[in-house]
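Examining the three-dimensional arrangement
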Amino acid sequence: MPGSTRSPNAALRIAAVLAVVSLAVSGCAAGAGGALTASAASGAPAAPSAPPAPEATAPTPDPIDWAECGPNLDCATVEVPLEYAEPGGEQIPLAVVRHRATDPDRRIGSLFINPGGPGVPASEMVRSIDPAGETSPFSPDVVARFDVVGMDPRGVGESDAVRCLTDEQRAAQAAEDRDPSIPGGKPFGQLLKDARTFTKGCATHQDRAFLASMSTDNVARDLDQVRAAIGEDRITFYGASYGTVVGPMYATLFPERVRQMVIDAPVDTDLWQNDPLRLLDDVARSNEETLDLWFETCRAEGVAACPFGDGDPEAAFDALIADLEREPLRVPPVEGLTPGGTLDGAMALEGIRAAAGVRTLWPSLTAGLLSAQQGNGTFLHFLVSNVTVAPFGGPFATLQEPHTAVRCADWPSLRNLGEHRAAAREIAARGERLGSRAAYSALNCALWPATNEDRFTDELTGAGAPPILVVGGEVDNVSPYHWAQAMTERLEDAVLLTRTGVGHTSYRTSGPCIDEAVDAALIDGVLPAEGTVCEAVPAGTTRVPAPAGE
């Protein structure tokens, strides 16, 4: 379902957009900008019995052959079996990037990471590491003690990323008109046509056996092959969002090879494996919850801080979306920020959904809404073009093709169109502002051209692994808090660390309380006491940023 990646340059890009937008709002006060966490995705498995134990069949890989590829970075390719049931058969290449420990004399080992998605390249997160940078995805202490290793999962990033649509098809879909009052944004027949185009493209441009192999259990086996190629007996692991499915899968298949593990913004792996439509419904509810909390905070802070709506932000919001649907704004291109285009109500909702889920973007969301009221849609269009990720897929989602391929490989059969229609009706009946995006968001899997015949369906308990730290946010637009609670209960040995406030993922975005607890778990294997709660820093505010120069 979820997925998340950190964008190290996001704060600078957002500040640049706000300068371009040139807000003319009275009562502006200084506010926080914010590093951005872009999240995304969904998925689920279920079916036959578990495949044979990978230890019995996995080949011993050749030692990894690193080549320097940047400051303190090494790159390599590791060959792994397409199918672990046939280890001597076809091999596929996986891209691996390593950031070497900055204090090699105190090096502990390798920290393997998965930033989520599914579909987010781990190699990008490793390349974004700045040992001294405040927005670096890992703390200086972690980067000092570990080689941070990112393996792009099969079909993702530099590991032969799945592509199903041509650039022309993708651009055409992104430009299509969508109606936020209709579940899925289009009549069902058109959505089904889009799904046929998408899945036909996947079947045409991709090997079906490769698509069928893109399951999370194979990703975990691939990780173990990379571990062996590096020469580590055990790994330390950090996974965010969908990476919290990869981690427990690895801990379940290879518990004796886990040194320490932290999972941040967990997925409910039972829903992931067995009930994906309910999983997506949970995400839809969480999206709405974060937007409602933005409204509540805007009202509570008052018009001096949040002038949008003059004390009634919900009414102003609904009027703005209706106005944009009736008369979309033309957005000129801004080099490096947005290609320009049209901002209608449906597109605005997509950008708003992304910003509402990141509390450090709340001031910018206020500014963007005020600006759109005044006829300038640049910031909201920027969000759609650069920030949104894909719990729900669709033309504005990034990384949609590998994202969809992993979900469809993991999930149980979704070929009954009646189930999709029933789930969409249930979402529509709630009358939520963001609900349209969730409806029919799994429709591609109903027509998916590759069947995973040996889906792994055992419960992911991590039995035998060391205690696992689970980090859950009280309000998370992609991974609701009850998923973190469920994950903690399901794992054989786990501790839940709770973060207050809004945000998808917590490490390196929520202040020293979270960061110190995660570092202690990764470096020393010391977990916080049960029931520990960390206050998010900075706290969420809707106060608009001051114009540039003030």
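Numbering of residues begins from 1 in every chain and follows the order in which that chain's sequence is written. Restriction of local features to residues with pLDDT of at least 70 applies here, the model being predicted, together with a cutoff of 80 or more for giving and counting side-chain atom pairs; totals for whole chains, interfaces and linings are based on all residues. The side-chain quantities take in all heavy atoms of the structure and omit both hydrogens and water.

**Points about the packing of helix 11 (residues 276-301) against helix 17 (residues 417-429)**
The test is simple: Where helices are involved, their axes are fitted lines through C-alpha atoms of the stretch in contact, as for all axes, and angles between N-to-C directions lie from 0 to 180°. What counts as a helix is a DSSP run of H or I of at least four residues, what counts as a strand is a run of E of at least two, and both are numbered from the N terminus. Angle categories are assigned with fixed cut-offs, so that under 35 degrees is roughly parallel, over 145 is roughly antiparallel, 65 to 115 is roughly perpendicular, and the rest are oblique. In this scheme, a crossing is called left-handed if the near helix is turned counterclockwise away from the far one by less than a right angle; it is called right-handed if the turn is clockwise. Working rule for contacts: check all heavy atoms of both residues, and any pair within 4.5 Å makes them a contact.
Running from N to C, helix 11 and helix 17 cross one another at 20°; their axes reach a closest spacing of 11 Å. The angle between the axes of helix 11 and helix 17 places the two elements in the roughly parallel class. As helix 11 runs across helix 17, the sense of the crossing is right-handed. Across from L277, D281 and R285 in helix 11, the residues of helix 17 making contact are E419, H420, A423, E426 and I427.

**What to know about the side chain of D268**
Rules: Buried, partly exposed and exposed residues are distinguished by accessible area as a fraction of the type maximum, computed with a 1.4 Å probe on protein chains only: under 20%, between the cut-offs, and over 50%, respectively. Counting of polar contacts relies on pairs of N or O atoms within 3.5 Å, with two restrictions inside protein: one atom must be capable of donating a hydrogen and the other of accepting it, and residues adjacent in sequence are counted only when both atoms are side-chain atoms.
In this structure, D268 sits in the loop between strand 9 (258-264) and helix 10 (269-274). Residue D268 is classed as buried on the basis of its relative accessible area, which comes to 8%. Of the polar contacts made by the side chain of D268, one reaches the side chain of R490; its length is 3.2 Å. Excluding anything up to four places from it in sequence, D268 contacts L279, W483, A486 and R490.

**Description of the pattern of salt bridges**
Heads up, the rule is: Whenever Lys or Arg places a side-chain nitrogen within 4 Å of a carboxyl oxygen from Asp or Glu, that contact is recorded as a salt bridge.
What the rule picks out here adds up to 28 salt bridges. Close ionic contact of R100 with D74 constitutes a salt bridge, the shortest N to O distance being 2.7 Å. Here the residue R100 occupies a position in the loop between strand 5 (91-99) and strand 6 (109-114), and D74 occupies one in strand 4 (residues 73-81), the gap between them amounting to 26 residues. The closest approach of N and O atoms between R285 and E426, which form a salt bridge, is 3.9 Å. Of this pair, R285 sits in helix 11 while E426 sits in helix 17; the two residues are 141 residues apart in sequence, bridging distant segments of the chain.

**Looking at the environment of I523**
Relative to the assigned elements, I523 resides in helix 21 (residues 512-524). By relative accessible area, I523 is classed as buried at 11%. Sequence spacing of I523 and G109 is 414 residues, and the spatial spacing of their C-alpha atoms is 9.8 Å.

**Structural notes on the pairing of strand 12 (residues 468-475)**
Our working rule: In short, DSSP must find at least two bridges between two strands for them to pair. The definition of a right-handed crossover adopted here requires that, viewed with the strands pointing away, the path from the first strand over the helix to the second runs clockwise.
Burial analysis of strand 12 places seven of its eight residues in the buried class, which makes it a mostly covered element. Across three bridges, strand 9 lies against strand 12 in parallel orientation. Note that in strand 12 the partner of I263 across the bridge is V470. Handedness of the crossover joining strand 12 and strand 13 (residues 494-502) through helix 20 (residues 481-490): right-handed.

**A few points about the state of the cysteines**
Linking two cysteines covalently via their sulfur atoms produces the bond known as a disulfide. Our working rule: Working definition: a disulfide is two cysteine sulfur atoms within 2.5 Å of each other.
Per the counting criterion, the structure on display carries five disulfides. A sulfur-sulfur distance of 2.0 Å marks the disulfide that ties C69 to C75. With the S-S dihedral at roughly 75°, the linkage between C69 and C75 falls on the right-handed side. The disulfide bridge from C298 ends at C306, spanning 2.0 Å between sulfur atoms. Linking C298 and C306, the disulfide has an S-S dihedral of approximately -90° and is accordingly described as left-handed.

Keep in mind that these numbers describe shape and distance, not what the molecule does.
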